[in-house]
Amino acid sequence: MRFVGTVLLAILAAPPALAAAARPSEQSIRQLFELMHTSAMLDNVMAQIDASARATMLQATAGEPLSEEQERILGDMQARLMSLMREELNWAGLEPMMIEVYRDSFTQKEVDGMLKFYRSDSGQAVIGKMPLVMQGMMQKMQGRMQSLTPRVAQLEKDAIAQLRAAARNSPPPQGLRPPEALPPPAPSSAPSPPESEAPPATAPPPAPQ
């Protein structure tokens, strides 16, 4: 019992020190977001999403002339799509969620280290050039995807062909076997009566006297 009591006292004494090191303050997280220009980065991401969506629509309608009404419909859909995304993915709505994620993921010491780094010239250079890095990565990834698309399409085509061949060669399930063919019916004709039922022969009429 004394050992158990000692362990309980150690566990109860530990949380204050661990809590101070485990969760950074909300104010320090907000300072970090300000140094990282997180809200501006979110705006840049949304602008890239808008441009990417427009490019996708143009690729989908390539080679097909659009009427003014069709262009108006596509433009209206694009505007409504981006309005919906900005409504859900705005900084005012995301900041509280991100603060909680950072507080659950980093210690105060780690946040202090990031604050020190992002206050330096190197940290500000990373922040300033990150949009260019992301844009370059997106362009490189689009090039990779263009070369990968026909190969993926060929894999899908081969898989479909193999599935069809397997379906032709495999026997049907036991419960779905086709019924056996019945013998063809005999030609329709009136059956002859049996000999026992044959009508008696008619006697000739008597000769006149």
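Model, not experiment: these values are computed from the prediction.

Calculation notes
Residues numbered from 1 in each chain as written. Predicted model: local features only at pLDDT ≥ 70, side-chain atom pairs only at ≥ 80, totals over all residues. Heavy atoms only, no water. Helix = DSSP H or I, 4+ residues; strand = E, 2+ residues; numbered from the N terminus. 1 Å grid on protein atoms, 1.4 Å probe; cavity = no way out; pocket = protein on both sides within 12 Å on 5 of 7 lines; lining within 4 Å. Points joined across faces, edges and corners; volume = space filled by probe spheres on them. Nonpolar A, V, L, I, M, F, W, Y, C, P; charged D, E, K, R; others polar. Core = buried A, V, L, I, M, F, W, Y, C linked by side-chain atoms within 4.5 Å. Buried < 20%, exposed > 50% of the residue type's maximum accessible area, 1.4 Å probe, protein only. Contact = heavy atoms within 4.5 Å.

Engineer: Tell me what's going on with the environment of aspartate 112, and back it up with residues and numbers.
Structural biologist: For aspartate 112, the location among the structural elements is in helix α6 (residues 108–119). C-alpha separation for the pair aspartate 112 and leucine 32, spaced 80 residues apart in sequence, amounts to 8.8 Å.

Engineer: An account of the layout of surface pockets is requested, with residue identities and associated values reported.
Structural biologist: Empty space within the largest pocket amounts to approximately 270 Å³. In this structure, the largest pocket is lined by Gln48, Ala51, Ser52, Ala55, Thr56, Gln59, Gln135, Met138, Gln139, Gln142 and Gln146. For the lining of the largest pocket, the secondary-structure elements that each account for two or more residues are α3 (38–60) and α7 (121–169). Among the elements that make up the lining of the largest pocket, the one with the highest residue count is α3 (six residues). Here the residues of the lining of the largest pocket sort into three nonpolar, eight polar and no charged.

Engineer: Please provide a residue-by-residue account of the nonpolar core, values included.
Structural biologist: If you look at the biggest cluster of nonpolar residues, it comprises 14 residues, and the most contacted ones within it are Ile29, Leu32, Phe33, Met36, Tyr102, Leu115 and Tyr118. Counting only elements with at least two residues in this core, the list comes to α2 (26–36), α5 (91–105) and α6. Apart from residues no more than four positions distant in its own chain, leucine 115 is found in contact with Ser28, Gln31, Leu32 and Leu35.

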